[in-house]
Amino acid sequence: MKITAIETLVCNARMRNWVFVKVVTDQPGLVGWGEATLEWHTRGVVSSIEDLAPLLIGEDPRRIEYLWQMMFRQHFWHGHGIVRSTAISGIDIALWDLLGKIHGVPCSQLWGGPVRDWIRTYCHLGGGKMEDFYETSVEDAQRFADLAVQAVEEGFTAFKCMAVPPTRPVEGLQPIRTAERAVAAMREAVGDAIDIMVDCHARPSPRMGLKFAQALEPYGLYFFEEPCWPEHVSALAEIRNAVATPIATGERITSIEGFRDLFAAGGCDVCQFDVTHCGGLTAARRISAMAEAWGLGLAPHNPQGPVSTAASLELGFAQPGYIICETVHADVPWRQDVVQESHQRKQDGRLVLPHTAPGLGIEINEQEVRKHPFEQELPQRVYYPDGSIGDW
Ligand SMILES: [Mg+2]
């Protein structure tokens, strides 16, 4: 059995172009699907997959670990830059889908079989609609509360929001109070039984991240995400040590060594690798094993497309430390048209059940995808009041 082609299929989903990766074999009809979506870097990732393809064509697709090493180590540069690690991830996910299809079992069976009966999911405020999640002003506490109620009405028991405004390295009390008011309004609206997560998007400096974490401590967040840049590992550990709120991070880390350093420093309670960036399911399994040794929870970052979701969920059925999966459902109205998914979902509680289909249990409708060709992603920019550039 040989790989004969690696193709990409780009599907514009407003803020992101979903990059679907198709690994084609010499067996008629036998293909694997992966995803390598990297917002605002679509052309780079597609080209990187083209660069990697010659390493794999003619090889046996069942040698996943061997091929992962080939992609990561060959061509001199290790594959942990974000563009190449995303390209590698997309191909790796497709290889696992393929292996499941070859053996006629879900991927979770390949990894030792399911360890749970269902997976809990959470949504973004607004379900992933760009304007609701990224553009609702933190000043508008009532809007945060309304969107929180909407998430609960849609069946979710947990949701994430960006209730922390962009701040410069040092600021006074106002942004802290603004964040507090937004979180207080949501807590008041949904009660204590619903889990609220706040994502700082790694905007704050280490000191501002600490101030936000302390201010939001009374609201019992399920986790507090990326309170400062992931490069500041010691600052993450300092924030974590200062509050009881669990600290979550990891979506921007693209090597197992990066996770090793984060865990060793005590920088998080919840590990948020992204299977489409961290090196695929092969790397995610290694990172999960390391996280288990530190007693951490796993909650993969997953605001991307449907193949990323299927892969993130399938991994969760085989990982004991997995606590919840990020999902979006309202980014584009035709999301369900481009993919056929085998994971069944319970609307009440938004729980996902295991499937029995081979591989990741997904089929991409290529005709539907072609209705949404590449477009330049919609811009998202952050400026500070003095006109200087902030972190998005
Ligand atoms: Mg995040």
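Owing to the predicted nature of the structure, the values given are computational and were not obtained by experimental measurement.

Re the overall build of the chain
Thinking step 1. A count of helical and extended segments in the chain gives 13 helices and 15 strands.
Thinking step 2. For 392 residues, the compact-globule estimate of 2.2 N^0.38 gives 21 Å, and the C-alpha radius of gyration of the chain, at 20 Å, lies within 12% of that figure.
Thinking step 3. Dimensions of the chain, computed from the C-alpha atoms along their principal axes, are close to 65 × 45 × 40 Å.
Thinking step 4. Burial status across the chain gives 49% buried among its 392 residues.
Thinking step 5. Partitioning the intrachain contacts of the chain with sequence separation of at least 6 by distance along the chain shows that 71% fall at a separation of at least 24.

Notes on the environment of Phe159
Thinking step 1. Looking at where Phe159 falls in the secondary structure, it is placed in strand β5 (residues 158–161).
Thinking step 2. The spatial distance from the C-alpha of Phe159 to the C-alpha of Val198 is 8.7 Å, given a sequence separation of 39 residues.

Digging into the nonpolar core
Soluble globular proteins tend to pack their nonpolar side chains together in the buried interior.
Thinking step 1. Residues Ile91, Phe159 and Val198 are the most contacted members of the largest nonpolar core, which totals 110 residues.
Thinking step 2. With nine residues, helix α3 (residues 82–103) is the largest single contributor of residues to this core.
Thinking step 3. Looking at this core, you find at least three residues from each of domain 1 (3–105) and domain 2 (110–359).
Thinking step 4. Leaving out residues up to four positions away in the same chain, Ile91 has contacts with Ile6, Val21, Val23, Gly34, Ile49, Leu52 and Met71.

Notes on the sheet that holds strand β3 (residues 31–35)
Thinking step 1. On the basis of which strands lie adjacent, the open sheet formed by three strands has the order β1-β2-β3 and antiparallel pairing. Because the sheet does not close on itself, it has two edges, and the strands there are β1 (3–13) and β3. Averaged over all pairs of adjacent strands, the angle between strand axes in this sheet comes to 20°, irrespective of strand direction.
Thinking step 2. Across the sheet, helix α1 (residues 42–56) touches β1 and β2 (16–25), and the angle it forms with β1 is around 170°.
Thinking step 3. Most of the contacts of α3 go to β3, to which it runs at about 145°, and overall it touches β1, β2 and β3.

A word on the pairing of β1
Thinking step 1. Examined bridge by bridge, β1 and β2 share 10 bridges and lie antiparallel to one another. Bridge pairing in β2 links Ile3 to Thr25.

A look at helix α8 (residues 206–216)
Thinking step 1. Buried within α8 we find Met208, Gly209, Leu210, Lys211, Phe212, Ala213 and Leu216.
Thinking step 2. As for α8, its buried residues are in contact with α7 (174–190), β6 (195–199), β7 (223–225) and α9 (233–242).

What about the pairing of β2?
Thinking step 1. Summarising burial for β2: nine of the 10 residues are buried, a large majority.
Thinking step 2. The hairpin formed by β1 and β2 contains two residues between the paired strands, and Arg14 there has a positive phi angle of roughly 70°.
Thinking step 3. Here β2 pairs with β3 via five bridges, running antiparallel. Following the sheet pairing, Phe20 is matched in β3 by Glu35.
Thinking step 4. Joining the antiparallel neighbours β2 and β3 is a turn of five residues, in which Gly29 adopts a positive phi near 80°.

What to know about the domain arrangement of the chain
Thinking step 1. In terms of domain boundaries, the chain breaks down into domain 1 (3–105) and domain 2 (110–359).
Thinking step 2. Relative to domain 2, the C-alpha centre of domain 1 lies at a distance of 25 Å.
Thinking step 3. Every element with two or more residues in the side of domain 1 that touches domain 2 is listed here: β1, β2, β3, α2 (64–73) and α3.
Thinking step 4. If one sorts the elements of the side of domain 1 that touches domain 2 by residue count, α3 sits on top with 15 residues.
Thinking step 5. For the side of domain 1 that touches domain 2, the per-class residue count stands at 16 nonpolar, 11 polar and seven charged.

Rules used in this analysis
- Residues numbered from 1 in each chain as written.
- Predicted model: local features only at pLDDT ≥ 70, side-chain atom pairs only at ≥ 80, totals over all residues.
- Helix = DSSP H or I, 4+ residues; strand = E, 2+ residues; numbered from the N terminus.
- Rg over C-alpha atoms; globule rule 2.2 N^0.38 Å.
- Buried ≥ 20, exposed ≤ 12 C-beta atoms within 10 Å, placed from the backbone.
- Contact = placed C-beta atoms within 7 Å.
- Core = buried A, V, L, I, M, F, W, Y, C linked by C-beta atoms within 7 Å.
- Domains from an automatic or database assignment.
- Pairing = 2+ DSSP bridges.
- Axes fitted to C-alpha atoms, helices over the stretch in contact; angles between N-to-C directions.
- Nonpolar A, V, L, I, M, F, W, Y, C, P; charged D, E, K, R; others polar.

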